[in-house]
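Report on the structure
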Amino acid sequence: MKIVEITSENEFDYRKFFLQGLLEHQDFFRISPDDELRAAMFPTQNEPDSFTLGAISDDDSGEDEKLLGVVSFEREGATREKLRHKGLLFRMYVAKTAAGRGIGKILIREVIDRARALGDIEQINLTVVGANERAKGLYASFGFQSFSVEKNAIKYKGRYFDEETMVLFLQ
């Protein structure tokens, strides 16, 4: 397995892969599969402070490389001077077939390392569906702490979901 930067030009079927995650885990994302189908753009800008990473299979069988997991990051205040110290980790997904292999940890570690290397990102925020205990545990293992819960933040197919906001302070 290797970690690569994914762009709109070199996307490794990103949209298809992420849509599969939305379909398999509809209760764990704030966007629906229909939202993704309507989205016009790739989620990040291929810049040092706006990127998407992918964990790619790396076998020697000659088969096409395929995505095993993805995560995106962007500077939260890209156009706002007062918010430029914050980053946002989002669109984290690891395929069911690759779960339990540490891919999520590798992706998050790479995001944190890249954010630190920017030099002026002081904190990384993320949101997670409150019932997604596995994801919250993964984020907490890196030092992310929950600082708010929004009750009924998401309503999908007649059901409500709470959403937690977590932060990791880099300095």
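Above this text you will find the structure in question.
Attention now goes to the sheet that holds strand β2 (residues 50–56). Ordered by their spatial adjacency, 7 strands build an open sheet running β1-β2-β3-β4-β5-β7-β6, and the pairing between neighbours is mixed. Edge positions in the open sheet fall to β1 (2–6) and β6 (145–156), since each of these has one partner strand only. Taking the axes of each pair of neighbouring strands and ignoring which way they run, one obtains an average angle of 25 degrees across the sheet. Examined bridge by bridge, strand β4 (residues 86–94) and strand β5 (residues 123–129) share 3 bridges and lie parallel to one another. Note on β5: the bridge partner recorded for lysine 86 is glutamine 123. Contacts between helix α1 (residues 14–24) and the sheet are confined to β1, β2, β3 (67–75) and β4, with β3 contributing the most and set at about 95 degrees to the helix.

The next subject is the pairing of β6. As paired strands, β6 and strand β7 (residues 159–169) are joined by 8 bridges and run antiparallel to one another. Looking at β7, one finds that glutamate 150 is bridged to glutamate 163.

This part covers the nonpolar core. Counting residues in each nonpolar core, the largest one holds 28 residues, and the members touching the most others are Leu89, Met92, Ile108, Ile112, Ile124, Tyr139 and Phe144. Of all elements in the fold, only β2, β3, β4, α3 (103–118), β5, α4 (133–140) and β7 reach the threshold of two or more residues within this core. The element that contributes the greatest number of residues to this core is α3, accounting for 6 residues. Here isoleucine 108 is in contact with Leu89, Met92, Leu138, Tyr139, Phe142 and Phe144, once residues within four sequence places are set aside. One finds Ile6, Leu22, Phe42 and Ala95 within the second-largest nonpolar core, a separate group that totals 14 residues.

On to the pairing of β5. β5 sits mainly inside the fold: 6 of its 7 residues count as buried. Inspection of the sheet shows β5 paired to β7 by 7 bridges, in the antiparallel sense. Its bridge partner being in β7, threonine 127 is matched across the sheet by threonine 165.

Attention now goes to the pattern of salt bridges. When the charged atoms of two side chains with opposite charge come close together, those side chains can pair. The final tally for this structure, using the stated rule, is 14 salt bridges. Salt-bridge contacts for arginine 30 lead to glutamate 163; the nearest nitrogen and oxygen are separated by 2.6 Å. Residue arginine 30 is found in the loop between α1 and α2 (33–38), and its partner glutamate 163 is found in strand β7; the two are separated by 133 residues along the sequence. Put simply, Glu5, Glu110 and Arg114 are held in one network by salt bridges that share partners.

Following the criterion strictly, the structure yields 7 aromatic pairs and no others. Residues phenylalanine 29 and tyrosine 93 carry aromatic rings whose centres are separated by 6.4 Å and whose planes lie at 65 degrees to one another, so their mutual orientation is edge-to-face. Of this pair, phenylalanine 29 sits in the loop between α1 and α2 while tyrosine 93 sits in strand β4, placing them 64 residues apart in sequence. Three or more aromatic residues link up through ring pairs in this structure, and these residues are Tyr14, Phe17, Phe18, Phe29, Phe42 and Tyr93.

Conventions adopted
Residues numbered from 1 in each chain as written. Predicted model: local features only at pLDDT ≥ 70, side-chain atom pairs only at ≥ 80, totals over all residues. Heavy atoms only, no water. Pairing = 2+ DSSP bridges. Helix = DSSP H or I, 4+ residues; strand = E, 2+ residues; numbered from the N terminus. Axes fitted to C-alpha atoms, helices over the stretch in contact; angles between N-to-C directions. Contact = heavy atoms within 4.5 Å. Core = buried A, V, L, I, M, F, W, Y, C linked by side-chain atoms within 4.5 Å. Buried < 20%, exposed > 50% of the residue type's maximum accessible area, 1.4 Å probe, protein only. Salt bridge = Lys/Arg side-chain N within 4 Å of Asp/Glu carboxyl O. Phe/Tyr/Trp six-rings, centres within 6.5 Å; stacked < 30°, edge-to-face > 60°.

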